[in-house]
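One letter stands for each residue in the lines below.
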Amino acid sequence: MTTQTIKGTCVLVTGASRGLGLAFVKVLAERGAEKIYAGYKSTEGLAALNDLKLANVVPVLLDVTDNSHIQALAQQITKLDIVVNNAGIASACGFTAENVLENATAEMNTHYFGPLKLVNTFLPLLKQAPQAGIINIASIAAISNFKVMGTYSASKAALHFMTQGLRAELAGSTIFVQGVYPGPFDTRLAAGFDGFKQSPEAIANTILDLYRERVEEVFPDDFSKTMYQTFLESPKKLNEIFSQ
Ligand SMILES: NC(=O)c1ccc[n+]([C@@H]2O[C@H](COP(=O)([O-])OP(=O)(O)OC[C@H]3O[C@@H](n4cnc5c(N)ncnc54)[C@H](OP(=O)(O)O)[C@@H]3O)[C@@H](O)[C@H]2O)c1
């Protein structure tokens, strides 16, 4: 089986202004990507990308919930090999919370409808690439409901099912579809989780090592590996653990 290449590719990374997205941009540049379209939402985000001072990084205004941004990007990008759906939010909201609909809508728009719209928009370009990829950053919370952030779990489960569906529908094409299911790692989003957390750079490197090897489902840290093993043995058992 051939390996998936980063060198010489054009890559779009969403949510690239900090955390795992910013780490992806750096690691993709180190691995020889030709052009990295790095999505930002704010002037601080743009500044963080400009601070990298990397000639092959092209900051692009991209709120994945804003259709006008996606349409503008579609006019700008004429060659694309890889899409990394990374942008994420976490409201720590349960289904019984008063503001559940507001949080659930924002998470579904960010984690499901945004990535779906992006993939739908850029699929024609990806199909033209000799070897393409879609990398969807879900979460171990996509595999079973995580009680303290129920609406987040549900939105990541939607992304997980989209990932599986895309893989099935694109089987036999030149587009490889990878789903990523991390446990907590060291970014602002996971500030509330105690215990050892890997750096986002380490997580990005693991993901791209396994992308090269065409590993379809990636559990990039010990926590997610253990939890997925529990899931394979007993989905009910994992649900009980995540419900505590
Ligand atoms: N950290 C963890 O422990 C962990 C575990 C499992 C999965 N994940 C997933 O990993 C991904 C990266 O998270 P992270 O930990 O790096 O979080 P982070 O440090 O909070 O970064 C999130 C990034 O997403 C961007 N973003 C948020 N909403 C967006 C939108 N509507 N459109 C475009 N960009 C948007 C943010 O931009 P602004 O700076 O402008 O807000 C920021 O650049 C997320 O999908 C997250 O769910 C994280």
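Higher on the page you've got the structure.
Residues numbered from 1 in each chain as written. Predicted model: local features only at pLDDT ≥ 70, side-chain atom pairs only at ≥ 80, totals over all residues. Heavy atoms only, no water.

Could you clarify how one ought to interpret empty space enclosed by the protein in this entry?
One water molecule sets the probe size; rolling that probe over the atoms shows where empty space is left. By the definition in use, this model includes one cavity of 30 Å³ or more. Its volume calculated, the largest cavity comes out at about 50 Å³. Forming the walls of the largest cavity are Thr-14, Val-64, Asn-85, Asn-86, Ala-87, Thr-110, His-111, Pro-115, Ile-137 and Leu-159. Looking at the lining of the largest cavity, the element that brings in the most residues is helix 4 (residues 100-128), giving three residues. When grouped by side-chain class, the residues that make up the lining of the largest cavity number five nonpolar, five polar and no charged. (1 Å grid on protein atoms, 1.4 Å probe; cavity = no way out; pocket = protein on both sides within 12 Å on 5 of 7 lines; lining within 4 Å. Points joined across faces, edges and corners; volume = space filled by probe spheres on them. Helix = DSSP H or I, 4+ residues; strand = E, 2+ residues; numbered from the N terminus. Nonpolar A, V, L, I, M, F, W, Y, C, P; charged D, E, K, R; others polar.)

Sorry if this is basic, but what is going on with the site of the ligand here?
Neighbouring residues of the ligand: 28 residues in total, closest Arg-18, Leu-20, Asn-86, Tyr-152 and Thr-187. Between the ligand and Gly-15 there is a distance of 3.2 Å, counted from an oxygen atom to a backbone nitrogen or oxygen. In the model, an oxygen atom of the ligand is placed 2.7 Å from a nitrogen or oxygen of the Ser-17 side chain. Taken by itself the ligand offers 900 Å² of open surface, and the protein chains cover 93% of this. Of the residues contributing to the shell around the ligand, the split by class is 13 nonpolar, 10 polar and five charged. (Near = heavy atom within 4 Å. Polar contact = N/O pair within 3.5 Å; in protein donor to acceptor, adjacent residues only side chain to side chain. Areas by Shrake-Rupley, 256 points an atom, 1.4 Å probe, with all protein chains shown as cover.)

I tried to follow the side chain of Thr-230 on my own but got confused; where do I start?
Its place among the elements puts Thr-230 in helix 7 (residues 222-233). Taking relative accessible area as the criterion, Thr-230 reaches 14% and is therefore assigned buried. Excluding residues that lie within four positions of it along the chain, Thr-230 makes contacts with Pro-235, Lys-237, Leu-238 and Ile-241. (Buried < 20%, exposed > 50% of the residue type's maximum accessible area, 1.4 Å probe, protein only. Contact = heavy atoms within 4.5 Å.)

I keep staring at the pattern of salt bridges and nothing clicks. Help me out?
Where side chains of opposite charge bring their charged atoms close, a pairing between them can arise. A complete count under the given rule lists six salt bridges for this structure. For Asp-81, the salt bridge is made with Lys-79, and the minimal N-O distance between the two is 3.1 Å. Assessed through its relative accessible area of 5%, Asp-81 is described here as buried. For Lys-79, a relative accessible area of 38% puts it in the partly exposed group. The shortest N-O distance in the salt bridge between Arg-212 and Glu-213 comes to 3.3 Å. Among the residues examined, Arg-212 registers a relative accessible area of 37% and is labelled partly exposed. Taken together, the salt bridges that share partners define one network made up of Arg-31, Asp-209, Arg-212 and Glu-213. (Salt bridge = Lys/Arg side-chain N within 4 Å of Asp/Glu carboxyl O.)

What exactly am I supposed to notice about the sheet that holds strand 5 (residues 132-137) here?
Adjacent strands of a sheet form backbone hydrogen bonds with each other and so pair up, either parallel or antiparallel. With parallel pairing, seven strands are arranged side by side in an open sheet as 3-2-1-4-5-6-7. Looking at the sheet topology across the chains shown, the edges are occupied by strand 3 (57-61) and strand 7 (217-218). Contacting strand 1 (10-13), strand 2 (35-40) and strand 3, helix 3 (residues 67-76) runs over the sheet at an angle of about 145° to strand 3. Helix-sheet contacts for helix 6 (residues 200-212) involve strand 4 (82-85), strand 5, strand 6 (175-180) and strand 7, and the interaxial angle to strand 5 is about 145°. (Pairing = 2+ DSSP bridges. Axes fitted to C-alpha atoms, helices over the stretch in contact; angles between N-to-C directions.)

I would appreciate a short explanation of the pairing of strand 2 in the present structure.
Within a regular strand, the side chains alternate between the two sheet faces. Across the six residues that make up strand 2, a large majority, five, are buried. Of the pairings in the sheet, the one linking strand 1 to strand 2 comprises four bridges and is parallel in character. In the strand pairing of strand 2, Leu-12 is matched with Tyr-37. Handedness of the crossover is the feature at issue here: the chain leaves strand 2, passes through helix 2 (residues 43-51), returns alongside strand 3, and the resulting connection is right-handed. (Right-handed = clockwise from strand over helix to strand, strands pointing away.)

Quick question: what am I supposed to make of the nonpolar core here?
The nonpolar side chains of soluble globular proteins are, as a tendency, buried together. Within the largest apolar cluster, 39 residues are counted, with the highest numbers of intra-cluster contacts made by Leu-12, Leu-80, Phe-122, Leu-126 and Ile-134. At the level of secondary structure, the elements contributing two or more residues to this core comprise helix 3, helix 4, strand 5, helix 5 (150-169), strand 6 and helix 8 (235-242). Ranked by residue count, the leading element in this core is helix 4, at six residues. Setting aside its immediate chain neighbours within four residues, Leu-12 contacts Tyr-37, Val-60, Leu-62, Leu-73, Leu-80, Ile-82, Val-83, Val-84, Leu-118 and Phe-122. If you look at the next biggest cluster of nonpolar residues, it comprises 31 residues, including Leu-20, Ala-23, Leu-28 and Ala-204. (Core = buried A, V, L, I, M, F, W, Y, C linked by side-chain atoms within 4.5 Å.)

This is a description of form; function is not addressed.
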